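As a plain string of letters, each chain reads:
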Amino acid sequence: VSVCVSVTGQHSHYRHRGKMKHAVVELLSLTGLVFGAGGFAPSIEAPLVTTEQSPVTSESPAVPPTFLGRHNATVTVHAGDTAALACYVLRLGDKTVSWAKRRGGEFHIITIGYHTYHNDNRYTLSYEYPNNWKLQIRYAQKRDEGLYECQISTHPPQIMRVYLSVSVPEIEIRDPRGAAVTEAYYRVDSTVGLQCVVTPAPPTRPVRWSRTHHPLTTQPERGIRVDTSLMGAGLSSWLHIARASVRDSGNYTCSAGDAVNTSVRVHVLDGESSAAMQHSTTDGGTLADCPSLALLALLASSLILAAS
């Protein structure tokens, strides 16, 4: 009896394992059909697999870089100020921006990319994020005036032109009678009076006096007074030196910035030299309008002293 039970149980076990194996095979087949059909939705059919290639479509070329802003603009600066020439470029990509100056038929490269190729270190490329390739010229001078070109290295190159205008005020030194002078003669103990006139008035540069590069300001203890005021469209600056002595002789400069200046040579004379000049001047005046006469007077005085 025990043997029969064992054989019967073993046969039942094999039959159960066969059913499980058959169920697993059916499940795998069903899973393959589901995924092949794209899911359980009965309306979705699996796409047909073909060996045909899709048609090749040509892509439109990339949009080229371009300038942003007005072409042929004019930038005006005063002499001594910093000139800033803007160049806004959109979609530069792998292209390069350069600056150049045209002078007649000549063409001078100034910058290429971030690098400057000019022997004047006043010229620099100042890039401002995100797209301004700005050319800066420090201490602008009249010789910097002209036509500048900002270029993009496309083929052919794209060009934006900017004209730089440098305004240089007129400056001169006058004596108390209003005559322009480059040399002025005074006698000892007289008052030196010099007027510096700048037209038009520079908006960012004050007018200053100096003597051999040393600034001169109002100094009552030394008898020096500087008075600056508006005069029409310009500026007037008076330099007065009371009770002038021989030590006050020298070069005096009036400046309105680094690029605008003029000088006068002051002679303060004493003794016979001073007396010889006064016959053709007013009290405390100058002989700036006839320096040759002053030199003759000095020569004559020297000869008289030598003969005595």
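Here we summarise the structure given alongside this text. Everything numeric here is computed off the predicted structure, so don't read it as measured data. (Residues numbered from 1 in each chain as written. Predicted model: local features only at pLDDT ≥ 70, side-chain atom pairs only at ≥ 80, totals over all residues. Heavy atoms only, no water.)

1. Some details on the overall build of the chain
Moving on, step 1. A count of helices and strands for the chain gives 3 helices and 20 strands.
Moving on, step 2. Here the chain, with 308 residues, has 34% of them falling under the buried criterion.
Moving on, step 3. Excluding contacts between residues fewer than 6 apart, the proportion of contacts in the chain whose partners are at least 24 apart in sequence is 60%.
Moving on, step 4. Here the chain displays about 19,600 Å² of accessible surface, and carbon together with sulfur accounts for 57% of that area. (Helix = DSSP H or I, 4+ residues; strand = E, 2+ residues; numbered from the N terminus. Buried < 20%, exposed > 50% of the residue type's maximum accessible area, 1.4 Å probe, protein only. Contact = heavy atoms within 4.5 Å. Areas by Shrake-Rupley, 256 points an atom, 1.4 Å probe, with all protein chains shown as cover.)

2. Notes on unusual backbone geometry
Moving on, step 1. With an omega dihedral of 10 degrees, the bond running from Y129 to P130 counts as a cis peptide bond.
Moving on, step 2. Along the polypeptide, P130 turns up in the loop between β8 (123-128) and β9 (132-137).
Moving on, step 3. Across the junction of T199 and P200, the peptide omega takes the value -10 degrees, indicating a cis bond.
Moving on, step 4. Checked against the element boundaries, P200 lands in the loop between β14 (192-199) and β15 (208-211).
Moving on, step 5. A positive phi is found at H213, a non-glycine position, where the angle reads about 70 degrees.
Moving on, step 6. As for its placement among the helices and strands, H213 is situated in the loop between β15 and β16 (214-216).
Moving on, step 7. For H213, a relative accessible area of 79% translates into the label exposed.
Moving on, step 8. Phi at R243 is positive, roughly 50 degrees, even though this residue is not glycine.
Moving on, step 9. Note on placement: R243 falls in the loop between β18 (234-241) and β19 (250-255).
Moving on, step 10. You can call R243 exposed: its relative accessible area is 62%.

3. Concerning the state of the cysteines
Moving on, step 1. Here the structure, examined in full by the defined rule, presents 2 disulfides.
Moving on, step 2. Between C196 and C254 runs a disulfide, and the two sulfur atoms are separated by 1.9 Å. Sign of the S-S torsion, about -80 degrees for the bond between C196 and C254, identifies this disulfide as left-handed. With C196 in strand β14 and C254 in strand β19, this pair connects stretches of sequence that are 58 residues apart.
Moving on, step 3. Assessed through its relative accessible area of 0%, C196 is described here as buried. (Disulfide = S-S within 2.5 Å.)

4. Topic: the nonpolar core
Moving on, step 1. Ranked by internal contacts, the top residues of the largest apolar core, which has 49 residues, are W99, Y148, L194 and W209.
Moving on, step 2. In contact with Y148, other than residues within four places in its own chain, are L85, W99, A100, K101, I110, Y123, L135, I137, M160, R161, V162 and L164. (Core = buried A, V, L, I, M, F, W, Y, C linked by side-chain atoms within 4.5 Å.)

Purely spatial values, then, with no claim about function.
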